[in-house]
Amino acid sequence: MRLALVAVGRLKRGPERDLAEEYRGRADALGRGLGFSAVQLTEIPESRARRAPDRCAEEAGAILAAVPPGAALVVLDEGGKAVTSLGFADQLGAWRDGGRPGLAIVIGGADGLDPSVRARADLVFAFGAATLPHGLVRVLALEQLYRAMTILSGHPYHRGAP
């Protein structure tokens with residue numbers, strides 16, 4: 001299963017980028033044995049349009065173009081539903097075992113996501129109700145992807161409630 005992380009904006013050098021790369025590397029190493037590709041990162045340039053709706057629409061076109069054909073689409077949005085790590089792992093395994101060719105996780109820009117991206121999503125979830133900086137969301141997305149893989153493999157990393 002091909003994995004992609006599509007994020008609006010570029011993550012600058014620093015601790016957030018280092019931590020994101022740490023979890024990406026862990027996911028890449030563990031995922032090979034589970035039928036997952038290395039995580040392909042696509043950074044979408046932030047739109048320079050004057051109005052927020054126009055920025056979101058422009059970014060949406062680039063986001064959807066970066067999603068591999070037939071891939072499941074997970075959108076991270078503060079208005080999404082809460083998903084447990086076990087629930088995400090179950091869904092990831094179901095998509096893989098059901099023959100989905102890929103998974104793309106999307107992190108929108110500062111103005112949010114265009115409704116067309118949400119409409120295409122297979123799953124819209126949030127890391128809580130708070131608005132988080134995009135760098136931290138990227139770290140959390142990659143950590144949860146790695147955690148889901150550890151759950152699928154039976155690795156002891158995840159020690160949450162069953």
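First things first, this report covers the structure right here in the doc.

Each value, and the rule that gives it
- Residues numbered from 1 in each chain as written.
- Predicted model: local features only at pLDDT ≥ 70, side-chain atom pairs only at ≥ 80, totals over all residues.
- Heavy atoms only, no water.
- Helix = DSSP H or I, 4+ residues; strand = E, 2+ residues; numbered from the N terminus.
- Rg over C-alpha atoms; globule rule 2.2 N^0.38 Å.
- Buried < 20%, exposed > 50% of the residue type's maximum accessible area, 1.4 Å probe, protein only.
- Contact = heavy atoms within 4.5 Å.
- Patch = residues over 30% accessible without salt bridge, like charges linked within 9 Å, V, L, I, M, F, W, Y side chains within 5 Å.
- Areas by Shrake-Rupley, 256 points an atom, 1.4 Å probe, with all protein chains shown as cover.
- Salt bridge = Lys/Arg side-chain N within 4 Å of Asp/Glu carboxyl O.
- Expected span 1.5 Å × (residues − 1).
- Arc of directions from axis to C-beta.
- Axes fitted to C-alpha atoms, helices over the stretch in contact; angles between N-to-C directions.
- Parallel < 35°, antiparallel > 145°, perpendicular 65-115°, else oblique.
- Left-handed = near helix turned anticlockwise from the far one by under 90°.
- Nonpolar A, V, L, I, M, F, W, Y, C, P; charged D, E, K, R; others polar.

1. A closer look at the overall build of the chain
Argument step 1. Of the regular secondary structure elements, the chain holds five helices and five strands.
Argument step 2. Overall, the chain shows an N-to-C arrangement of helices and strands of β-α-β-α-β-α-β-α-β-α.
Argument step 3. Here the C-alpha atoms of the chain give a radius of gyration of 15 Å, agreeing with the 15 Å that 2.2 N^0.38 yields for 162 residues.
Argument step 4. In terms of overall dimensions, the chain has C-alpha extents of about 50 × 35 × 25 Å along its principal axes.
Argument step 5. The buried share of the chain, taken over its 162 residues, is 44%.
Argument step 6. Long-range pairs, those at least 24 residues apart, make up 82% of the contacts in the chain with a sequence separation of at least 6.

2. What about the environment of Q144?
Argument step 1. Its place among the elements puts Q144 in helix α5 (residues 134-153).
Argument step 2. For Q144, a relative accessible area of 15% translates into the label buried.
Argument step 3. Between the alpha carbons of Q144 and A89 there is a distance of 8.6 Å; along the sequence they are 55 residues apart.
Argument step 4. Beyond its immediate chain neighbours, meaning those up to four positions away, Q144 contacts S85, F88 and F127.

3. Description of a nonpolar patch on the surface
Argument step 1. A cluster of nonpolar side chains, contributed by L132, L136 and L140, occupies part of the molecular surface with about 200 Å² of accessible area.
Argument step 2. Relative to the helices and strands, L140 is located in helix α5.
Argument step 3. L140 sits in the partly exposed class, given a relative accessible area of 33%.

4. Some thoughts on the pattern of salt bridges
Opposite charge on two side chains permits them to pair, given that their charged atoms come into close proximity.
Argument step 1. As enumerated under the stated definition, the model contains eleven salt bridges in all.
Argument step 2. Salt bridges sharing common partners tie together R10, E43 and R138.

5. With respect to helix α1 (residues 15-31)
Argument step 1. Taking 1.5 Å of rise per residue, 17 residues should cover 24 Å, and α1 covers 24 Å from first to last C-alpha, within 8% of that figure.
Argument step 2. Here α1 has its buried residues at A20, Y23, R24, A27, D28 and G31. The arc that holds the buried residues of α1, viewed along the axis, is 140°, so those residues lie on one side. Summarising the geometry of α1, the exposed residues directed more than 90 degrees from the buried face are P15 and D18.
Argument step 3. Looking at the packing, one finds that the buried side of α1 touches β2 (39-44) and α5.

6. Some points on the side chain of R147
Argument step 1. Within the secondary structure, R147 is located in helix α5.
Argument step 2. Contacts of R147, omitting those with residues within four sequence positions, involve S85, Y157 and H158.

7. Side note on the packing of α1 against α5
Argument step 1. Where α1 contacts α5, the axes come no closer than 9 Å and their chain directions differ by 20°. On the basis of the axis angle, α1 is roughly parallel to α5. Considering how the two elements wind past one another, α1 and α5 form a crossing that is left-handed. Contact with α1, carried on its side by E16, L19, A20, Y23, R24, R26, A27, L30 and G31, involves G135, L136, R138, V139, L142, E143, Y146, M149, T150 and S153 of α5 and no other residues of that element.
Argument step 2. In the contact of α1 with α5, the residues fall into ten nonpolar, four polar and five charged.

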